[in-house]
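# Fold and contact review
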Amino acid sequence: MQKKNLLIKGMEKFIAKMAIKAASIEANTTCPGIGYQHKEPPQIKKLRKF
């Protein structure tokens, strides 16, 4: 049971990191490809580099 909980927590962290990375990439491109959102949340606007 403990291994299962550790695995779930690890997967949650991995998914969160990948979501932040994908949002950062989408925020810094001019053409929204995969994760199109018609309105950007304010948290994604903070990830812009330009």
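Above this text sits the structure in question.
Here's a quick rundown of the structure. Computed from a predicted structure; not experimentally measured.

## Re the overall build of the chain
A tally of helices and strands in the chain yields two helices and zero strands. Buried residues in the chain amount to 8% of all 50 residues. When the accessible surface of the chain is split by element, carbon and sulfur atoms take 65% of a total near 4,900 Å².

## Thoughts on a nonpolar patch on the surface
Taken together, the side chains of L7, M11, F14, I15 and M18 define a hydrophobic patch exposed on the protein surface, amounting to about 530 Å² of accessible area. With respect to the secondary-structure elements, F14 resides in helix α1 (residues 2-27).

## Examining the environment of R48
Among the structural elements, R48 can be located in the segment after α2 (42-45). With a relative accessible area of 36%, R48 lands in the partly exposed category. Counting along the chain gives 21 residues from R48 to A27, while the straight-line C-alpha distance between them is 5.6 Å.

## Quick word on α1
With 26 residues, α1 extends 38 Å from end C-alpha to end C-alpha; this agrees with the ideal 38 Å at 1.5 Å per step. Contacts from the buried residues of α1 go to α2.

## Thoughts on the environment of K21
As for its placement among the helices and strands, K21 is situated in helix α1. For K21 and L47, which are 26 residues apart along the polypeptide, the C-alpha to C-alpha distance reads 9.6 Å.

What counts and how
- Residues numbered from 1 in each chain as written.
- Predicted model: local features only at pLDDT ≥ 70, side-chain atom pairs only at ≥ 80, totals over all residues.
- Heavy atoms only, no water.
- Helix = DSSP H or I, 4+ residues; strand = E, 2+ residues; numbered from the N terminus.
- Buried < 20%, exposed > 50% of the residue type's maximum accessible area, 1.4 Å probe, protein only.
- Areas by Shrake-Rupley, 256 points an atom, 1.4 Å probe, with all protein chains shown as cover.
- Patch = residues over 30% accessible without salt bridge, like charges linked within 9 Å, V, L, I, M, F, W, Y side chains within 5 Å.
- Salt bridge = Lys/Arg side-chain N within 4 Å of Asp/Glu carboxyl O.
- Expected span 1.5 Å × (residues − 1).
- Contact = heavy atoms within 4.5 Å.

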